[in-house]
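These are the residues of each chain, in order.
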Amino acid sequence: MIPASLPDPNAINIISGAAEILGGIGILVPPTRIFAGWGLTVLLVAVFPANVNVALHGWPGENIAPWLLWARLPFQPLLIALVYWVTIRRPRQE
């Protein structure tokens, strides 16, 4: 999914995957929830260009209908809003 124009797409994929896992764990730990929320928000914004790239050029090696790749894009802002609401906006409940 990562554009070939970026340096070392494999490393970027591994780093973004690790950040996603750590963010998910961070949400579960109340003292780190807000920090994890901001990190996941940044991550979701950062990976959006890769999702646009896949919608434009397809996913190499995968046979996914183009309309489905485009249909994913509107969910990104919804996910960002959800992460914000659950981790940053809502009062802490410990």
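The structure this text deals with has already been given above.
As the structure is a computational prediction, the values presented were derived from the model and not from experiment. (Residues numbered from 1 in each chain as written. Predicted model: local features only at pLDDT ≥ 70, side-chain atom pairs only at ≥ 80, totals over all residues. Heavy atoms only, no water.)

**Q** Quick one: what's the story with the overall build of the protein, residue by residue and with numbers?
**A** A tally of helices and strands in the protein yields four helices and zero strands. Start at the N end of the protein and walk to the C end: the helices and strands fall as α-α-α-α. Overall, the protein is about 45 × 25 × 20 Å in size when its C-alpha atoms are taken along their principal axes. Within the span of the protein, comprising 94 residues, buried residues form 21% of the whole. Counting only contacts in the protein whose residues sit at least 6 apart along the sequence, the fraction spanning at least 24 positions is 59%. On the protein, roughly 6,700 Å² of surface is accessible, and the fraction owed to carbon and sulfur atoms is 72%. (Helix = DSSP H or I, 4+ residues; strand = E, 2+ residues; numbered from the N terminus. Buried < 20%, exposed > 50% of the residue type's maximum accessible area, 1.4 Å probe, protein only. Contact = heavy atoms within 4.5 Å. Areas by Shrake-Rupley, 256 points an atom, 1.4 Å probe, with all protein chains shown as cover.)

**Q** Break down the packing of helix α1 (residues 9-28) against helix α2 (residues 33-57) for me, with residues and values.
**A** The N-to-C vectors of α1 and α2 enclose an angle of 150 degrees; their axes lie 8 Å apart at closest approach. If you check the angle between α1 and α2, you find them roughly antiparallel. Classified by chirality, the crossing of α2 by α1 is left-handed. Residue-level inspection shows Ser16, Ala19, Glu20, Gly23, Gly24, Gly26, Ile27 and Leu28 of α1 in contact with α2, the latter providing Arg33, Ala36, Leu40 and Leu43. Here the contact of α1 with α2 is built from residues that sort into six nonpolar, four polar and two charged. (Axes fitted to C-alpha atoms, helices over the stretch in contact; angles between N-to-C directions. Parallel < 35°, antiparallel > 145°, perpendicular 65-115°, else oblique. Left-handed = near helix turned anticlockwise from the far one by under 90°. Nonpolar A, V, L, I, M, F, W, Y, C, P; charged D, E, K, R; others polar.)

**Q** Lay out a nonpolar patch on the surface with the relevant residues and their values.
**A** A grouping of Phe75, Leu78, Leu79, Leu82, Trp85 and Val86 is seen on the molecular surface, where their side chains present a nonpolar patch of about 600 Å² in accessible area. Within the secondary structure, Leu79 is located in helix α4 (residues 75-89). (Patch = residues over 30% accessible without salt bridge, like charges linked within 9 Å, V, L, I, M, F, W, Y side chains within 5 Å. Salt bridge = Lys/Arg side-chain N within 4 Å of Asp/Glu carboxyl O.)

**Q** So, the side chain of Ser16: which residues are in play, and what are the values?
**A** Turning to its location among the elements, Ser16 is positioned in helix α1. Here Ser16 falls in the buried class, since its relative accessible area comes to 19%. Reaching out from Ser16, the side chain makes a polar contact with the backbone oxygen of Asn13 at a distance of 3.1 Å. (Polar contact = N/O pair within 3.5 Å; in protein donor to acceptor, adjacent residues only side chain to side chain.)

**Q** Give a detailed account of α1, specifying residues and quantitative values.
**A** With 20 residues, α1 extends 29 Å from end C-alpha to end C-alpha; this agrees with the ideal 28 Å at 1.5 Å per step. Among all positions in α1, only Ser16, Gly23 and Gly26 are buried. An end-on view of α1 places all buried positions within 85 degrees of arc, on one side of the element. Away from its buried face, by an angle of more than 90 degrees, α1 presents the exposed residues Asn10, Ile14, Ile21, Leu22 and Leu28. Against α2 lie the buried residues of α1. (Expected span 1.5 Å × (residues − 1). Arc of directions from axis to C-beta.)

**Q** I'd like to hear about unusual backbone geometry, residue by residue, with values.
**A** Trans peptide bonds make up the majority, and among non-glycine residues the majority have a negative phi. One non-glycine residue, Asp8, adopts positive backbone phi at about 50 degrees. Looking at the element boundaries, Asp8 is found in the segment before α1.

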